[in-house]
Amino acid sequence: MKTFDEVFPIGLEFHGHRCPAMPMGIKAGLAAMERLGVEHSADKELSVISETGKGHAAGCFLDGIMTATGCTYGKSNIEKLYYNKMAFTLIDNKTGKSVRVSLKPDFFEKALGSPFVQQRKAGVPPQDIDPEIANPLIEKVIGLKDEMFLDIGEVKTIELKKKNGVFETKRCDFCGEVTFVNKLRLTPDGKTACIPCSGYVE
Ligand SMILES: [Zn+2]
Ligand SMILES: [Zn+2]
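This structure is a prediction, so every number in the text was calculated from the model and none was measured.

What about the coordination of the zinc ion (ligand 2)?
And then number 1: The protein atoms that coordinate the zinc ion (ligand 2) are Cys-172 (SG), Cys-175 (SG), Cys-194 (SG) and Cys-197 (SG), at distances of 2.3 to 2.4 Å.
And then number 2: Given four donor atoms and angles of 100 to 115 degrees at the metal, the environment of the zinc ion (ligand 2) is assigned as tetrahedral.
And then number 3: For the zinc ion (ligand 2), the donor residues sit on a single chain with the sequence spacing C-x2-C-x18-C-x2-C. You can see Cys-175 sitting in the loop between strand 7 (169-171) and strand 8 (178-180) and its partner Cys-194 sitting in the loop between strand 10 (192-193) and helix 8 (195-198), a full 19 residues away along the chain.
And then number 4: The exposure class assigned to Cys-175 is partly exposed, which follows from its relative accessible area of 36%.

Printed below as a string of structure tokens:
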């Protein structure tokens, strides 16, 4: 397993700005991986079910989790539940073992009172926040022991549903774009349509 110091630069590059929540996510992801005894997911060996949502503070947490675990939207081994909670479950798809990790309530409430979050509340983009504000907070996160800010649950075994990806494609008869067949629709006059061309609303 890679160390925090190895993963952090990759996370920064991927995430795009320096903030405290992204490294929190890296540490939480690594803690979950350590608990399950698993490595970074080269393909779909691991899955993440995240309870974060969108349009709330500290969503950057999930980019840290993605960087650490290798569970990404491209590989479709990550899912968001939009509970707007700072928690996620990591699943080992080989064994069915899973662990839920969340931020400790006291820690997170305190973090929301930080000068970084105050700046964000006032509308300052994260990349424009003075490094003199951001850096000490990031250093503090880096220095935290896992048990000081994470609740790491018991390892539980869950039942796995094995799904193989779809490889077959057809061109949409309307826009001509290549579409995987499990999302193509048949129109009443027998033409093949992608979702946008079919007018179908999910
Ligand atoms: Zn961020
Ligand atoms: Zn189309």
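Concerning helix 6 (residues 131-143)
And then number 1: Across its 13 residues, helix 6 extends 17 Å between first and last C-alpha, which sits within 8% of the 18 Å expected from 1.5 Å per residue.
And then number 2: For helix 6, the set of buried residues is Ala-134, Leu-137, Ile-138 and Val-141. Seen along its axis, helix 6 keeps its buried residues to an arc of 100 degrees; they face one direction. For helix 6, the exposed residues set more than 90 degrees away from the buried face come down to Glu-132, Lys-140 and Gly-143.
And then number 3: Buried residues belonging to helix 6 abut helix 1 (4-15), helix 2 (21-36) and helix 5 (115-121).
And then number 4: Two or three places before Glu-132, at the start of helix 6, stands the capping residue Asp-130, its side-chain oxygen 2.9 Å from that residue's backbone nitrogen.

Considerations on the coordination of the zinc ion (ligand 1)
And then number 1: Listed as protein donors to the zinc ion (ligand 1) are His-15 (NE2), His-17 (NE2), Cys-19 (SG) and Cys-60 (SG); their distances from the metal cover 2.0 to 2.3 Å.
And then number 2: One way to put it: the four donor atoms around the zinc ion (ligand 1) meet at angles of 92 to 119 degrees, and that makes the site tetrahedral.
And then number 3: Between the donor residues of the zinc ion (ligand 1), the gaps in sequence give the motif H-x1-H-x1-C-x40-C. A residue pair is termed long-range when its members are at least 10 positions apart, and His-17 in the loop between helix 1 and helix 2 and Cys-60 in the loop between strand 1 (46-50) and helix 3 (61-69) qualify at 43 residues.
And then number 4: Overall, His-17 belongs to the buried group, its relative accessible area being 14%.

Some remarks on the domain arrangement of the protein
Interface extent is often summarised as the accessible area lost during association of the parts.
And then number 1: Entries for the protein in the domain assignment read domain 1 (4-157) and domain 2 (169-198).
And then number 2: Measuring from the centre of the C-alpha atoms in domain 1 to the corresponding centre in domain 2 gives 38 Å.

Remarks on the nonpolar core
And then number 1: Within the largest apolar cluster, 43 residues are counted, with the highest numbers of intra-cluster contacts made by Met-24, Ile-26, Phe-61, Phe-88, Leu-90 and Leu-103.
And then number 2: When contributions to this core are tallied by element, the ones reaching two or more residues are helix 1, helix 2, strand 1, helix 3, strand 3 (87-92), strand 4 (97-103), helix 4 (105-111) and helix 6.
And then number 3: Counting residues per element, this core draws most heavily on helix 2, at 10 residues.
And then number 4: Ignoring any residue separated from it by four or fewer positions in sequence, one finds Met-24 in contact with Phe-61, Leu-103, Phe-107, Ala-111, Val-141 and Phe-149.

Quick word on the side chain of Glu-51
And then number 1: Tracing the backbone through its elements, the reader meets Glu-51 in the loop between strand 1 and helix 3.
And then number 2: Separated by 2.8 Å, the side chains of Glu-51 and Arg-100 make a polar contact.
And then number 3: Sequence-distant contacts of Glu-51, that is, excluding residues within four places in its chain, are made with Leu-81, Tyr-82, Tyr-83, Asn-84, Lys-85, Ala-87, Phe-88 and Arg-100.

Analysis parameters
- Residues numbered from 1 in each chain as written.
- Chains lettered and ligands numbered in written order.
- Predicted model: local features only at pLDDT ≥ 70, side-chain atom pairs only at ≥ 80, totals over all residues.
- Heavy atoms only, no water.
- Donors = N, O, S within 2.8 Å, 3.2 Å for Na, K, Ca; no water.
- Tetrahedral: all angles 85-135°; square planar, octahedral: opposite > 155°, others 65-115°.
- Helix = DSSP H or I, 4+ residues; strand = E, 2+ residues; numbered from the N terminus.
- Buried < 20%, exposed > 50% of the residue type's maximum accessible area, 1.4 Å probe, protein only.
- Expected span 1.5 Å × (residues − 1).
- Arc of directions from axis to C-beta.
- Contact = heavy atoms within 4.5 Å.
- Polar contact = N/O pair within 3.5 Å; in protein donor to acceptor, adjacent residues only side chain to side chain.
- Domains from an automatic or database assignment.
- Core = buried A, V, L, I, M, F, W, Y, C linked by side-chain atoms within 4.5 Å.

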